[in-house]
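Each chain is listed here by its residues.
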Amino acid sequence: KRGGGKRGRVAAEESAGAEPDAAVATAAPVEAEPEPEVPDDGSDSEDDGIRNMVGDVPLEWYDDYEHIGYGIDGAKFGRPPQRDELDALIERYDKGNSRTVYDALHGEMVELTDDDVGILRRIQNNNFPDLNFDPYPDTIPWVSSVLEKEPLWQHPEPKSRFLPSRWERKRIIKLVRAMRSEAYQKQLAANEVAKEKQRPDYNYAIWDETLEDLTREQRRVMYKRLNAPKIAPPTNAESYNPPPEYLLTTEEEAEWLEMDPEDRPTNFIPKQYDCLRRTPAYEALAAERFQRCLDLYLCPRTQRTKLNIDPDSLLPQLPDLSQLEPYPKRLSASFVTENGAIVRTLAVHPGGQWLATGSDDGLVRVWEVSTGRCVLDWALGAPPAAGSAKEGKEGKAEAEAAPEPIHRLAFCPAAGRTLLAASVGSRVLLVSLPMLLPPRGAAGSTLRPEDEAAVGAPVAAAGASVIEWCHERPASPPSVRAGRPPNEALSSLALAVPHAKAVRQLAWHPRGDYLCTVVPDGGAKAVLLHQISRRVSQQPFAKSKGRVEAALFHPSRPQLFVATQREVRVYDLLKQALLKKLSSDVQWISSMAIHPGGDNLIIGSYDKRVVWFDLDLSAKPYQALRSHTLGVRAVAFHSTLPLFASASDDLGVQVYHGQVYDDLSSNATLVPLKRLEAHSTGPSGLGVMECAFHPHQPWLFSCGADGAVHLYT
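All of these numbers come straight from a predicted model, not from anything done at the bench.

*Asks:* For this particular structure, what's the right way to read the overall build of the protein?
*Replies:* Scanning the protein from N- to C-terminus turns up 12 helices and 34 strands. Within the protein, buried positions represent 33% of all 713 residues. Expressed as a percentage of contacts within the protein between residues at least 6 apart in sequence, the contacts between residues at least 24 apart total 50%. With the model as given, the accessible surface of the protein reaches about 47,100 Å², and the carbon-plus-sulfur share is 53%.

*Asks:* Even after reading the chapter, I still don't get the sheet that holds strand β10 (residues 406–411), so can you show me in this structure?
*Replies:* Within a beta sheet, neighbouring strands are joined by backbone hydrogen bonds and run either parallel or antiparallel to one another. Read across the sheet, 5 strands follow the order β10-β11-β12-β15-β13 without closing on themselves; strand pairing throughout is antiparallel. Every other strand in the sheet has two partners, leaving β10 and β13 (470–472) as the edge strands with one partner each. The mean angle between the axes of side-by-side strands here comes to 30°, regardless of whether they run parallel or antiparallel.

*Asks:* Looking at this model, I keep getting lost on the side chain of threonine 357. Mind explaining?
*Replies:* Looking at where threonine 357 falls in the secondary structure, it is placed in strand β7 (residues 354–359). Within the structure, threonine 357 has its side chain in polar contact with the side chain of tryptophan 367 (distance 3.0 Å).

*Asks:* Help me understand the nonpolar core, please; the structure alone is not making it clear to me.
*Replies:* Across soluble globular proteins, you tend to see nonpolar side chains buried next to one another. Counting residues in each nonpolar core, the largest one holds 29 residues, and the members touching the most others are Cys516, Phe561, Val568, Met592, Leu601 and Ile603. If you list the elements that add at least two residues to this core, you get β17 (514–518), β18 (527–531), β20 (550–553), β21 (559–563), β22 (567–572), β24 (589–594), β25 (600–605) and β26 (610–614). If near-sequence neighbours (up to four positions away) are discounted, methionine 592 is found in contact with Ala550, Ala551, Leu552, Phe561, Ala563, Val568, Leu601, Ile602, Ile603 and Val635. Within the second largest apolar cluster, 23 residues are counted, among which are Ala347, Leu420, Met435 and Ala496.

*Asks:* Any chance you could explain a nonpolar patch on the surface here in plain terms?
*Replies:* There is a patch of nonpolar side chains on the surface, built from Ile50, Met53 and Ile72 and spanning about 300 Å² of accessible area. Mapped onto the fold, isoleucine 50 is located in the loop between α2 (20–27) and β1 (67–70). Accessibility expressed as a relative area gives 31% for isoleucine 50, which makes it partly exposed.

*Asks:* Would you mind showing me how to read the packing of aromatic side chains here?
*Replies:* How two aromatic rings sit relative to each other is set out by the distance from centre to centre and by the angle between their planes. Here the structure, examined in full by the defined rule, presents 9 aromatic pairs. Seen in terms of ring centroids, phenylalanine 128 and phenylalanine 133 are 4.6 Å apart; in terms of plane orientation they differ by 50°. Their pairing is tilted. In this structure phenylalanine 133 comes out as partly exposed when scored by relative accessible area, which is 43%. Seen in terms of ring centroids, tryptophan 588 and tyrosine 606 are 6.2 Å apart; in terms of plane orientation they differ by 80°. Their pairing is edge-to-face. You can see tryptophan 588 sitting in the loop between β23 (577–583) and β24 and its partner tyrosine 606 sitting in the loop between β25 and β26, a full 18 residues away along the chain. A cation over an aromatic ring shows up here: arginine 264 above the ring of tryptophan 256, its NZ or CZ 4.1 Å from the ring centre. Above the face of the tyrosine 327 ring, lysine 329 is positioned so that its terminal group lies 5.4 Å from the ring centre.

*Asks:* When you look at the environment of phenylalanine 553 in this model, what are you seeing that I'm missing?
*Replies:* Looking at the secondary structure, you find phenylalanine 553 in strand β20. On the accessibility criterion, phenylalanine 553 (7% relative accessible area) is buried. For the pair phenylalanine 553 and alanine 593, spaced 40 residues apart in sequence, the C-alpha to C-alpha distance is 9.9 Å. Leaving out residues up to four positions away in the same chain, phenylalanine 553 has contacts with Ala507, Trp508, His509, Pro510, Tyr514, Cys516, Leu529, Gln559, Leu560, Leu573 and Ile594.

*Asks:* I would appreciate a short explanation of a negative patch on the surface in the present structure.
*Replies:* Negative charge collects at one region of the surface, where Glu251, Glu252, Glu255 and Glu258 lie side by side. By the element assignment, glutamate 255 lies in helix α8 (residues 250–258).

*Asks:* When you look at unusual backbone geometry in this model, what are you seeing that I'm missing?
*Replies:* Apart from glycine, the bulk of residues carry a negative phi angle, and the bulk of peptide bonds sit in the trans form. In this structure, the amide linkage connecting glutamate 325 to the following residue, proline 326, adopts the cis form with an omega of 5°. Positionally, proline 326 belongs in the loop between α10 (311–314) and β5 (331–336). Notably, glutamine 576 is not glycine yet its phi reads approximately 55°, a positive angle. Classification of glutamine 576 by relative accessible area gives exposed; the value is 71%.

*Asks:* Before we go on, may I ask you to explain the pairing of strand β34 (residues 708–712) in this structure?
*Replies:* For a regular strand, side-chain orientation follows a simple rule: the groups alternate between the two sheet faces. In terms of burial, β34 is largely enclosed, as 5 of its 5 residues are buried. Burial along β34 is two-sided: the face carrying Ala708, His710 and Tyr712 and the face carrying Val709 and Leu711 are both buried. Here β5 pairs with β34 via 5 bridges, running antiparallel. By the bridge assignment, valine 336 is partnered in β34 with alanine 708. One ladder, built from 4 bridges, connects strand β33 (residues 700–704) with β34; its direction is antiparallel.

*Asks:* Explain the pattern of salt bridges here, please?
*Replies:* When the charged atoms of two side chains with opposite charge come close together, those side chains can pair. By the definition in use, this model includes 15 salt bridges. Taking the shortest distance from any N to any O, the salt bridge between glutamate 368 and arginine 373 comes out at 2.9 Å. Of the charged contacts in the structure, one is a salt bridge between glutamate 567 and arginine 569, with a shortest N-O distance of 3.0 Å. A residue is classified by how much of its surface remains accessible, and arginine 569, at 11% relative accessible area, is buried.

*Asks:* Just to check I follow, could you spell out the packing of helix α5 (residues 166–180) against helix α6 (residues 182–198) for this structure?
*Replies:* Describing two packed helices takes the angle between their axes plus the distance from one axis to the other. Packing of α5 against α6 leaves a shortest axis separation of 5 Å and a crossing angle of 55°. One finds that α5 runs oblique with respect to α6. Between α5, through Ala178, Met179 and Arg180, and α6, the contact on the second element is made entirely by Glu182, Tyr184 and Gln185. Its residues placed into classes, the contact of α5 with α6 shows 3 nonpolar, 1 polar and 2 charged.

*Asks:* I would appreciate a short explanation of the pairing of strand β29 (residues 643–648) in the present structure.
*Replies:* Among the 6 residues of β29, 6 are classified as buried, and the element is accordingly described as predominantly covered. Of the two faces of β29, both are covered, the one formed by Leu643, Ala645 and Ala647 as well as the one formed by Phe644, Ser646 and Ser648. One ladder, built from 5 bridges, connects strand β28 (residues 632–637) with β29; its direction is antiparallel. The partner of alanine 636 across the bridge, within β29, is alanine 645. The turn linking β28 back onto β29 is made up of 5 residues. Here 5 bridges tie β29 to strand β30 (residues 653–659), and the two strands are oriented antiparallel to one another. If you follow phenylalanine 644 over to β30, its bridge partner there is tyrosine 656. If you look at the hairpin formed by β29 and β30, you'll find 4 residues sitting between the two strands, and leucine 651 has a positive phi there, around 70°.

*Asks:* For this particular structure, what's the right way to read the sheet that holds strand β32 (residues 688–693)?
*Replies:* Reading across from one edge, β5-β34-β33-β32 is the order of the 4 strands in this open sheet, with antiparallel pairing throughout. On the outer flanks of this sheet lie β5 and β32, each paired with one strand and no other. Looking at each pair of strands side by side, their axes are set apart by 20° on average, direction ignored.

*Asks:* I'm lost on the confidence of the model for the protein in this one. Help?
*Replies:* As a general rule, the predicted coordinates of low-pLDDT regions are not to be interpreted in detail. For the protein, per-residue confidence averages 80 on the pLDDT scale, and residues scoring 70 or more make up 80% of the total. When the criterion is pLDDT under 50, residues 1–47 qualifies, and its contacts beyond four places in sequence or with other chains add up to 13 contacts. Low confidence marks residues 387–399, where pLDDT is under 50. Its contacts with residues over four positions away, or in another chain, come to 13 contacts.

Conventions used here
- Residues numbered from 1 in each chain as written.
- Predicted model: local features only at pLDDT ≥ 70, side-chain atom pairs only at ≥ 80, totals over all residues.
- Heavy atoms only, no water.
- Helix = DSSP H or I, 4+ residues; strand = E, 2+ residues; numbered from the N terminus.
- Buried < 20%, exposed > 50% of the residue type's maximum accessible area, 1.4 Å probe, protein only.
- Contact = heavy atoms within 4.5 Å.
- Areas by Shrake-Rupley, 256 points an atom, 1.4 Å probe, with all protein chains shown as cover.
- Pairing = 2+ DSSP bridges.
- Axes fitted to C-alpha atoms, helices over the stretch in contact; angles between N-to-C directions.
- Polar contact = N/O pair within 3.5 Å; in protein donor to acceptor, adjacent residues only side chain to side chain.
- Core = buried A, V, L, I, M, F, W, Y, C linked by side-chain atoms within 4.5 Å.
- Patch = residues over 30% accessible without salt bridge, like charges linked within 9 Å, V, L, I, M, F, W, Y side chains within 5 Å.
- Salt bridge = Lys/Arg side-chain N within 4 Å of Asp/Glu carboxyl O.
- Phe/Tyr/Trp six-rings, centres within 6.5 Å; stacked < 30°, edge-to-face > 60°.
- Lys NZ or Arg CZ within 6 Å of the ring centre and 35° of its normal.
- Lys, Arg positive; Asp, Glu negative; His and termini not counted.
- Charge placed at Lys NZ, Arg CZ, Asp CG, Glu CD.
- Parallel < 35°, antiparallel > 145°, perpendicular 65-115°, else oblique.
- Nonpolar A, V, L, I, M, F, W, Y, C, P; charged D, E, K, R; others polar.
- pLDDT = per-residue confidence, 0-100.

Okay, structure coming up:
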């Protein structure tokens, strides 16, 4: 409807003068033209009967216009006459039909047919709108119902596919119980407390009158005000009568004036006055005060908490060395060879009375520890005798010109036995030294072992061992310099275990019946286990695990420790499985030793480190000790005392205290005790080759490239 008044009349006149046709069109309501009848073609299109093509535009946008949309031909769709509720009620009673609804899109009343009413009733009753729709159609045989002779599967569908997952239910129950547990609630409470502590406290009013009751310290903490830095006190140059050495000369004053103000050492020129009254006012006072105010205003300040820490408290608390005695302190005896050949290895008899050494001249010497005299030497490195050959084989051994060096010696650890294993090149020789035992019937003598019979017994048949054992007679019998002469018929015979390449390491089983040999260049046969009683050799590994440097038996468990260049592998001999890998964090492992308790291990490396492992704690090193300046060649544990040592090419032997506790909550205590230096550099530039402890006393033996063997007590 058009508004009345002057404004309405003016608008009507303007519209009448501008567009007469439009004025006539808007003066009277536009009646919708009758829609031509369109025959029903049976289509189900949703656009049937829609004459207003306004689309999804809200109809309230057309409230201020004379039309309510546009037809299909683009003509305006006029607004039909509007009727009030009274007219609608009168029309309903006159016609007697209440099945009419208002069509807001076309602005007219529409009478519902019987089909429309039926559709609405079926929808209200939760039925399908289409009366002809069949919710239960006949089954269409998409798959053949003929039973095949060979079906794809015959088992029925399991019931579990139609039921909720039991494992998901258990998982949900477990999570719910965990959320209801007391530990979870405590964790949530602890997290809330931590968040509250991290949240800044703003719960105070700056202008609160109660702040007047607070102390000065409480206000300082509340406001967190930082005091301004103090001005540096004046120096002698700032005095009105400074000493002459602080006064500038004419050249220095000219140089000071030419310098940039930021580069000048001082911001004033010292001047001298005879009295304080003659001192003028400081001309740069206002500028300096202004600059200080700028610094205090613009420069940020932070509060740093000064820590008063005693430097001694940062150092580890080591016990007094006097409380860690006994341990080797000084050089007591030296065992020197005649020709000065490099002594590469040594071995201490389990009884502690004898010491065996092997050198590059092919001689094995046995020394008496108490007197320091050489009681026996045997040229095991010399070429075998001409009549020496393998049992059951024909042929003779060819003699070599130069003797082979003795790389490793090891006494059998069984008590009362004198069986000695020696690695000579690619052979391992087992010899019996019964002359080292007291005679039968003597005071303190033990039952004579069957070492000679073990050496002289026949070897196993061919094919029973991965290595064929043989008997070998050295070129010369042992030379006894002191003591009782041996039985020549048996002592000149040695049991030989030949290998493909040079043998570098020997390790006895604690019971004395098994011997482990290490051939670093042997590939899959780098580690071999030899049973002395049966003359049988076994190959524990089918494939090569890398270059093997050392191998050891566990002192009490059926376990084997194998050290490669960078890691140590622990194997279970009964289960024939790998137990763990120890990562050494070194470049090249040189030696290895195990604690008598079996729970700790040390390794030496060519990169100057000694690494301690706690097998119960972790597969990572417990501690790395750096006491040498050159590569470490040997490490050793004492059998009864908490001592261990390391020998290096820097001509030093380092002795450590290593206390291991039975309490699992206490870690091992490692303390360096003494550095022993008695060796000299050999002709090849090598240092100390090996070290070993006495089995009962706190004594230490070492051999070196200078051809000497030293005893430290």
